[in-house]
Each structure stands twice: as structure tokens, then as C-alpha cells.
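One-letter residues, chain by chain:
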Amino acid sequence: MFSNFKERIISAIAPDLPPLPERAIGAGSGHHHSSPHQRLRFGGSGGQPMPDKFPYARPPFLQLLTPDELRASADHNVRPIIVPRDINLLPWGTGYAECVNSGKSEWNEDQGAFYRQVLSDPEHKHPDLPYTYFGIFDGHAGYGAALAASHQFHHILHEKLVDCLELLLPRDAEATNGGGDGTKLNPTFPHPIYFQRRVTKDELIIGALESAFFNMDSLIAQDSDRYRDAGGCTACVSLFIDGKMYVANAGDSRAVLCQRRATPERPQTNTDSGIEPDPLEASCYPVPYSADHTPETERERLLNVARLKPHLMGKHYVAMEYAKRPHIKDMGQRILCRQGTMRGWTYKTLTMEDLCMPVVNGEGKRSRLLGTLGVTRGFGDHELLAINTGIQIKPFLTPHPDVRQRDLTQVVSIPDEDNRDGDYGVLVMATDGLWDVSENEAVSRTVFQTLSKYPTEKHRYTMVAQELVARARGKINDSGHWRLADSKAAATVDDISVIVIPVCQYYKEHVEWTQNYKRDLEHRRRQAQANMAQEAVNVLNGVIAEEAHVVEEEEEGEVVVHEARTSHKQAEASRRVDGAVDDTLVVELTPSLEQVQLKDPDSAAESSKEKVNDKDKEASTTRQQSQQQQQQQKGRKGKGKH
């Protein structure tokens, strides 16, 4: 009851607020579907209602979770400026702000996204490589394409980076090849012998971004058979990885790096008008990091496509550009024109074919492709047909982005000047709702003027984004028209989305990662050296033990042989001694009877004692020699073991 009462109050206050699409989770699909009324209103194929792939929502970091908050954010009368409730959800204090259109479409068709991820080596041989991605998407003919890109593009980009993971991860060889200041002397792929051409890391990352754009466009085309027509969108993406900044853009969204030259401080003086001039205002300057892709800027490419493939135009269009719009009254007269890739002008005689509508008509922001579309690159538009003729527009479009890069390691910043934001720059990414009424120089001045007002606040970049959106939105006058506050000119009626990225904060994070990487690398090197030393010691100990074992076996063999020989000699010596004793006894027992009789009994006893003593001495001498030999052998064994 209370909710019904609240809805009636809201309807009475703001009767033109769009109804919020009802959400129901499809069985088994995992996707949210819109209500039948909503699906039929936006159309389907063959008259059958088709679901949305993603429910309408604002970027998750805005935390607009309830239906009332979503409806309030789409109030075309108030056009509230929405900023994140929790600025800590975005990295580095990045600022974001958005504003809905003044009634151009029911919902805000812009979308913003960011994603932080790490490229990890599955074998853990190299340290992890972190990266951060920001994206801003400007939808047209519906919010489906921009919403799908905000949900899916970062997954596709991550897959593309993983494909070249082995070539992107930092390696030990790069650190050893670097100079004393940490710069890399060889930025090419460390194994160029595998390729016929030199491939740098920059080319790998640019290729990943380009292929991700094409794959995102193909995914939207595949979903067109199962989900409601998503329309189309532009895409502006920034990628911060390995100390570098890459910006890829397809469409008329824009990325501008706002920088400032360091100037000496001067005291501010009050003028008669009461305005205190900013001494740094003249030192601010923008550096474009994208180019708008409109029928005006890509006229040459579009005319060339039409000239090479005339069947795409049917009989309704002509691949020519005229200095003056031809009329039927000018038939047969000469008229200045050019076609295809011509830069100059030439004359031709006007014919009936020249009266057809040009492929590109109009100038500037009013230029249109086939009289229908104002952008020539981006995602989606697979079912978009030209007004009045029904010619398919997609063959003239392409998702191919322009990619630009900046090596932040080459930036020179003097700490004493306290100009880190000015040296590294502040990257402003925004949809055409901002750039339609704001010049690059004005945006750069606004950025640094706002930062000077909030020199230490944590939310200073959010305040910059809010200020940029507020100036582009302007204020509503008594007649209900939105006008710029400073010039009273018409303000933008389109959706506005702005991301303000402090590049210096990323580089500070990159420096910390580099220091941790070097410490980790040094730890790995020391660990590897310790492991190698331990392996060498183990190998040396094994060799020594093996040699000692061999020597011991050889010595044991020699001892056995020597003992056998000694025992053999001892046996022979004992046999000789026994034989000599027997001979002596025989000789002594066979003397002549005369000699025996002549000898004195006492002398005979003494002589027999002396003979016995001689035999005992010889036996003891033999035993001593054998004992000495055994002791020598034992000594050799002891030395071999030591």
C-alpha cells in the first residue's frame, strides 16, 4: 500500500518519468528479462517478444540498486548529476559523474565500466602483471549494446591478454638487459628468432585491444538471434599496464589528457572586477588521445567503400561529394565534385544518377551516413536500416579502434615543483554529450581550476567530473530549455558521462609494483644461487664418497692378497724350520760312536741347550716380522678410511 502511494506521488511530481522495466529471471538462462510490454514496445523478430540480455542498470560503482533510485536518475526535468556514493570503489580516487538527457530517450543510454585484474603465470616462473581498464560507452537506438559492452568487454580483453601471456610477463632477461636507470634496452619480444618480424610488447597489447573490439561486435551480432535488438554504441577504452597508458576509441566519444606546465608561484592580486586570475590557467593544455569517427571525418573511407562495392548503395545513393547540391534544373551542366579517395575537386556533367542522395551528407556534427547515422565506428547496429530506403548500414561501419599509447616511464617530473598531475596528466574520458558543447582547452582549464580548489581532498577528481558535467548540462530557464551558464548558448540535450583518471596515481602504484618485483626477483635469484650451491656441494660429496669407496675396496683387495702371501710365507718358513730341526736331530743322532764317547757329558748338555736356544730365537724373530706386517696393513686401512 505504501509503495503504491509513493508511486502515485512520484507520478504526480514528475509525470513524464519512464516506467522501470520489470525484471524476471528466466528459467535456466541466468539472465534478467524485461516485461512483455517493454519487449513489444522495443520490438523483436517476427513480431515475437524477445528478452533483454541484461536488465537496465547504471554502473555498479554508483550503487543505484532500487527501482526508485533508477527512476530518479532518469528524471528528464531535473537531470540530476549522479556521482559514486563510495569513492573508494574506483581505483586511485578516480572521479565519475553522469547526467541523463533532456528527453531524447527514456533512459540514460551511456554506460561506464572499470576492471582490475592480474595476469598470472600458471607455472609461477614469472611475477604477476596487474592491469586496470576503464571503458565508457555511448548507446544509440537503445541501451542494450552499451550495457552488453560494459558487462562483457573486459572479459574479452582479458582473454586476449592471456593469449599472449608468455610474451607480456616480465622476465629475468629483461632485468639483466636493462640499463642502470632501470630502462629496458631491448623492448622487443625476448625470443625474436621464432618470428620473421620483430614484435614488441606494445604491438601485442594494441593487437589485444583491436581484436577485443572486433570480438565484442561479433558477440552482439550472435546475440541478435536470441535477444532483443541491442542497437549500437561507441566505445572509448583506456588500459593501464606495465607502466604505459593505452587508449582505444571507436566512435565520437573522446579521451583528452589534460596537462599543465610548471610555473613559479605568484601572489594573487585583486582586480577591479574582483576576479583573482589564476597564474596557472595559461599553462594548461590538452593532448587528444582519440579522434572522432563521424561521417565528416571518415568521408574518404566511406566513399571508397561505396565506390568499391556499389551494390551496397542500391539505386538510392551515389558515392560522390559535390561542392554544390545538384538539382534537376542543373541537368547537363558541369558541377564540381570528387569521389572516393580524391583530395582535389574536378568537373563533371550532371546526370540523373547524380541526383541521388550522397552516401555522406551534411557537415560537422550534422553529417549523416546514408542520411541516418552520425557515427561510423563502434559496436552493434547489425539490424539498423537507412531511413526511407531500407538499405543496411552495417557494411559501412567498422568496430576497428584507433589506439594511442604513452610510456609513463619516460615522463620527467621534478618533485620540488609539485606538479605531478600536470606532468603525468589527468585523462578525461567522456561521451559526446560533453564534447558537443565543450572544447578541449576549456575542459583542461576546468580540470586544473577545480583541482586547485581542492588541493588535498580525497574526492577532488570526483569534483572535477561533477563540475564538467554541470557546465555541459547548464541550467534550465523559465521556458524549459537548458542553457549554458556562461554564454547562455544551448546546452547539450544528450546523455553526459565523464571519467576523470589521475594518471600520476597509477604510475605511483606501478613504481611500488616495480620495487616489489625487483625484490621478488632478487629473492628468486638468491634462492636459485643457494640451490645451485647446495646441489654442487651434494655432487661434490657424492664424488668424494664414491672415490673413498673405490679406494677402500682396492685397499681391502690388496690386504687380502698380502695376508694370503704372508700366511703362505709363514707356512713355508715353518716347514723349513721343521725340516731343519729334523735334519739337525738326524745329524745329531748319527754321530760316530767315537765322537760321542770322546765328548764330555757336561759339554754335550751345554751344546744341546745352545741349539735349542737358537731355534727359539729364530721362531720368535719370525713371529715379530709377521706381527709388524699386520700392523702396517692395519695402518694403511685407517688412512684409506680417513
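Residues numbered from 1 in each chain as written. Predicted model: local features only at pLDDT ≥ 70, side-chain atom pairs only at ≥ 80, totals over all residues. Heavy atoms only, no water.

Participant: A description of the overall build of the protein should follow, citing residues and the corresponding values.
Facilitator: Tallying secondary structure elements over the protein gives 15 helices and 23 strands in all. A burial count over the protein gives 40% of its 642 residues as buried. Restricting to contacts in the protein with at least 6 residues of sequence separation, those with at least 24 account for 69%. (Helix = DSSP H or I, 4+ residues; strand = E, 2+ residues; numbered from the N terminus. Buried < 20%, exposed > 50% of the residue type's maximum accessible area, 1.4 Å probe, protein only. Contact = heavy atoms within 4.5 Å.)

Participant: Describe the sheet that holds strand β12 (residues 320-322), with residues and values.
Facilitator: With respect to topology, three strands assemble into an open sheet ordered β12-β13-β14, the strand pairing being antiparallel. Since the sheet does not close on itself, it has two edges, and those belong to β12 and β14 (346-349), each with one partner. This sheet shows a mean twist of 55° between the axes of neighbouring strands, independent of strand direction. Relative to β14, strand β13 (residues 334-339) is paired through four bridges, and the arrangement is antiparallel. What sits directly across from C337, in β14, is T346. (Pairing = 2+ DSSP bridges. Axes fitted to C-alpha atoms, helices over the stretch in contact; angles between N-to-C directions.)

Participant: Can you explain the confidence of the model for the protein? Please cite residues and give values.
Facilitator: The pLDDT averaged across the protein works out to 78; a share of 71% of its residues lies at or above 70. Per-residue pLDDT stays below 50 along residues 636-642; that stretch engages in five contacts with residues further than four places along the chain or on separate chains. (pLDDT = per-residue confidence, 0-100.)

Participant: I'd like a description of the packing of helix α4 (residues 144-163) against helix α7 (residues 201-223), backed by residues and values.
Facilitator: For any two helices packed against each other, the geometry comes down to the angle between their axes and how far apart the axes lie. At a closest axis distance of 9 Å, the pairing of α4 and α7 adopts a crossing angle of 135°. In terms of axis orientation, α4 runs oblique to α7. Considering the relative orientation of α4 and α7, their crossing is right-handed. Between α4 and α7, the contacting residues are A145, A148, A149, Q152, F153, I156, L157, K160 and L161 on the first element and A208, L209, S211, A212, F213, N215, M216, L219, I220 and D223 on the second. (Parallel < 35°, antiparallel > 145°, perpendicular 65-115°, else oblique. Left-handed = near helix turned anticlockwise from the far one by under 90°.)

Participant: Can you break down helix α12 (residues 460-473) residue by residue, with the values?
Facilitator: The terminal C-alpha atoms of α12, which comprises 14 residues, lie 20 Å apart, in line with the 20 Å expected from a rise of 1.5 Å per residue. For α12, the set of buried residues is R460, Y461, T462, V464, A465, L468, V469, A472 and R473. Downstream of α12 by a residue or two, G474 has a phi angle that is positive, lying close to 75°. (Expected span 1.5 Å × (residues − 1).)

Participant: Tell me about empty space enclosed by the protein, and name the residues and values.
Facilitator: Applying the stated criterion to the full structure yields three cavities of 30 Å³ or more. In terms of lining residues, the largest cavity is bounded by 18 residues, among which G144, Y227, R228, D229 and A230 are the most central. Only α4 and α7 provide two or more residues apiece to the lining of the largest cavity. Of the residues contributing to the lining of the largest cavity, the split by class is six nonpolar, five polar and seven charged. (1 Å grid on protein atoms, 1.4 Å probe; cavity = no way out; pocket = protein on both sides within 12 Å on 5 of 7 lines; lining within 4 Å. Points joined across faces, edges and corners; volume = space filled by probe spheres on them. Nonpolar A, V, L, I, M, F, W, Y, C, P; charged D, E, K, R; others polar.)

Participant: I'd like to hear about the packing of aromatic side chains, residue by residue, with values.
Facilitator: Under the defined criterion, the tally for this structure stands at 16 aromatic pairs. Their ring planes at 80° and their centres at 5.2 Å tell us that F153 and F213 sit as a pair that is edge-to-face. With a gap of 60 residues between them, F153 in helix α4 and F213 in helix α7 connect regions that are remote in the sequence. The pair F153 / F213 is uniform in exposure class, with both members buried. Measuring from ring centre to ring centre gives 5.3 Å for F213 and F379, while their planes differ by 55°; the resulting arrangement is tilted. Placement of F213 in helix α7 and of F379 in strand β18 (residues 379-380) is noted, with a sequence separation of 166 residues between them. A single burial state applies to F213 and to F379, both of which are buried. (Phe/Tyr/Trp six-rings, centres within 6.5 Å; stacked < 30°, edge-to-face > 60°.)

Participant: Outline the nonpolar core, supporting the account with residue identities and numerical values.
Facilitator: Nonpolar side chains in soluble globular proteins tend to be buried together. Ranked by internal contacts, the top residues of the largest apolar core, which has 47 residues, are L119, Y133, F137, F153, L239 and F379. Of all the elements in the fold, those that place two or more residues in this core are β5 (110-119), β6 (129-140), α4, α5 (165-168), α7, β7 (232-241) and β8 (244-250). Residue contacts for L119: discarding those within four places in its chain leaves D128, L129, Y131, H158, L161, V162, L165, L168, L169 and I241. Core analysis: the next-biggest nonpolar cluster, separate from the first, contains 28 residues, I82, V411, Y506 and Y507 among them. (Core = buried A, V, L, I, M, F, W, Y, C linked by side-chain atoms within 4.5 Å.)

Participant: Residue-level account of the side chain of N108, with values.
Facilitator: Residue position: N108 is located in the loop between β4 (95-99) and β5. Under the relative-accessibility criterion, N108 is labelled buried at 3%.

Participant: Tell me about the pattern of salt bridges, and name the residues and values.
Facilitator: Tallied over the full model, the rule gives 21 salt bridges. Among the ionic pairs, E69 bridges to R85, the shortest N-O distance being 2.4 Å. Note that E69 is positioned in helix α3 (residues 67-73) and R85 in the loop between β3 (81-82) and β4, a separation of 16 residues in sequence. Given the relative accessible area of 23%, E69 is considered partly exposed. Relative accessible area serves as the criterion here: at 54%, R85 is assigned to the exposed category. A salt bridge links E321 to R338, with the shortest nitrogen-to-oxygen separation between them at 3.0 Å. You can see E321 sitting in strand β12 and its partner R338 sitting in strand β13, a full 17 residues away along the chain. In the salt-bridge network here, residues are joined through shared partners; they are E296, R299, E321 and R338. (Salt bridge = Lys/Arg side-chain N within 4 Å of Asp/Glu carboxyl O.)

Participant: Any details on the pairing of β8? Residues and values, ideally.
Facilitator: The buried fraction of β8 amounts to seven of the seven residues, a majority that puts the element mostly inside the structure. Every second residue of β8 is oriented toward a common face, with K244, Y246, A248 and A250 on one face and M245, V247 and N249 on the other, all of them buried. Two successive antiparallel strands, β7 and β8, enclose a turn made up of two residues, where D242 displays a positive phi of approximately 55°. In this structure, β8 lies alongside strand β19 (residues 402-407), joined through six bridges in antiparallel fashion. Its bridge partner being in β19, V247 is matched across the sheet by R404.

Participant: Any details on unusual backbone geometry? Residues and values, ideally.
Facilitator: Backbone geometry at A141 places phi at a positive 60°, although glycine is not the residue there. Along the chain, A141 falls in the loop between β6 and α4. On the accessibility criterion, A141 (58% relative accessible area) is exposed. Positive phi values are uncommon outside glycine, yet D242 reaches one of about 55°. A relative accessible area of 21% means that D242 is categorised as partly exposed.

Participant: Quick rundown of helix α8 (residues 299-308)? Include the residues and the values.
Facilitator: Among the residues of α8, those classed as buried are R299, L302, L303, V305 and A306. Buried residues of α8, viewed axially, fall in a sector of 155°; they line one side. (Arc of directions from axis to C-beta.)

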